[in-house]
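# Chain and residue survey
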Amino acid sequence: MSDPTPAAQEPGLSLRLDAVWLSGILRADQIRHDTLVSLAVAWGTDGGREDISLQLDALAEAMHAPREGELDHLVTAVEDAAAMDTAETRLGLHTLLRLRAELDAVIGVVGRFNPDAVARPVLLAKVPIQPERGAAA
């Protein structure tokens, strides 16, 4: 079964189907890049290394048996220790139009079992939202 969505022109910022064509996957490498650079910059400051290390240790410890809401809190603590900005990236018109085309292609396949909702997204407001498996609450 081949992927009906065209290959992304820029895979580092793209949308594609998952393996079973039931959801879309957003790839945004620039956000990960910026996060790691921000972490490295803060790591190199006076006191930054120790504070970040302590917060990362707490996060690593919680991974064994996290309680509800704990991971979000600990991730925020790491972000605060590293003085990280919001995980976002600016997009120009060309990129927005390309992503819209990729998104439209993914929606067309994922929505194949609900073509009315794809044609009229307002119908989705009437459909109860079910939590996705594997998604963080």
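The shown structure was predicted, so the numbers you read here are calculated from the model rather than taken from an experiment. (Residues numbered from 1 in each chain as written. Predicted model: local features only at pLDDT ≥ 70, side-chain atom pairs only at ≥ 80, totals over all residues. Heavy atoms only, no water.)

This next bit is on the overall build of the chain. Across its full length, the chain carries 5 helices and 2 strands. Each helix and strand of the chain, placed in order from N terminus to C terminus, yields the pattern β-β-α-α-α-α-α. Looking at the 137 residues of the chain, the share that counts as buried comes to 20%. Total accessible area on the chain stands at roughly 10500 Å², and carbon and sulfur atoms take up 58% of it. (Helix = DSSP H or I, 4+ residues; strand = E, 2+ residues; numbered from the N terminus. Buried < 20%, exposed > 50% of the residue type's maximum accessible area, 1.4 Å probe, protein only. Areas by Shrake-Rupley, 256 points an atom, 1.4 Å probe, with all protein chains shown as cover.)

Moving on to the packing of helix α2 (residues 48-62) against helix α3 (residues 70-81). Closest axis-to-axis distance for the α2/α3 pair is 8 Å, and the angle between their directions is 165°. When the axis of α2 is compared with that of α3, the two are roughly antiparallel. You can see that α2 and α3 cross each other, and the crossing is left-handed. When α2 is examined against α3, the residues Asp51, Ile52, Gln55, Leu56, Ala58, Leu59 and Ala62 are found in contact with a partner set consisting of Glu70, Leu71, Leu74, Val75, Ala77, Val78 and Ala81. Class assignment for the residues of the contact of α2 with α3 results in 11 nonpolar, 1 polar and 2 charged. (Axes fitted to C-alpha atoms, helices over the stretch in contact; angles between N-to-C directions. Parallel < 35°, antiparallel > 145°, perpendicular 65-115°, else oblique. Left-handed = near helix turned anticlockwise from the far one by under 90°. Contact = heavy atoms within 4.5 Å. Nonpolar A, V, L, I, M, F, W, Y, C, P; charged D, E, K, R; others polar.)

On to helix α4 (residues 93-110). The end-to-end C-alpha distance of α4 is 25 Å, a good match for the 26 Å that 18 residues give at a rise of 1.5 Å each. All of the buried residues along α4 are Thr95, Arg98, Leu99, Glu102, Val106 and Val109. What you see down the axis of α4 is that its buried residues fit within an arc of 95°, all on one side. What points out from α4, more than 90 degrees from its buried face, is the exposed set Leu93 and Arg100. Where α4 is buried, its residues contact β1 (13-17) and β2 (24-28). (Expected span 1.5 Å × (residues − 1). Arc of directions from axis to C-beta.)

Excluding glycine, residues mostly carry a negative phi; peptide bonds, for their part, are mostly trans. Backbone geometry places tryptophan 21, a non-glycine residue, at a positive phi of 60°. Following the sequence through the fold, tryptophan 21 ends up in the loop between β1 and β2. Exposure remark for tryptophan 21: the relative accessible area of 18% places this residue in the buried category.

Counting residues in each nonpolar core, the largest one holds 7 residues, listed as Leu13, Leu15, Leu17, Trp21, Leu99, Val106 and Val109. Within the residue set of this core, elements represented by two or more residues are β1 and α4. If you look at the next biggest cluster of nonpolar residues, it comprises 5 residues, including Ile52, Ala81, Ala82 and Met84. (Core = buried A, V, L, I, M, F, W, Y, C linked by side-chain atoms within 4.5 Å.)

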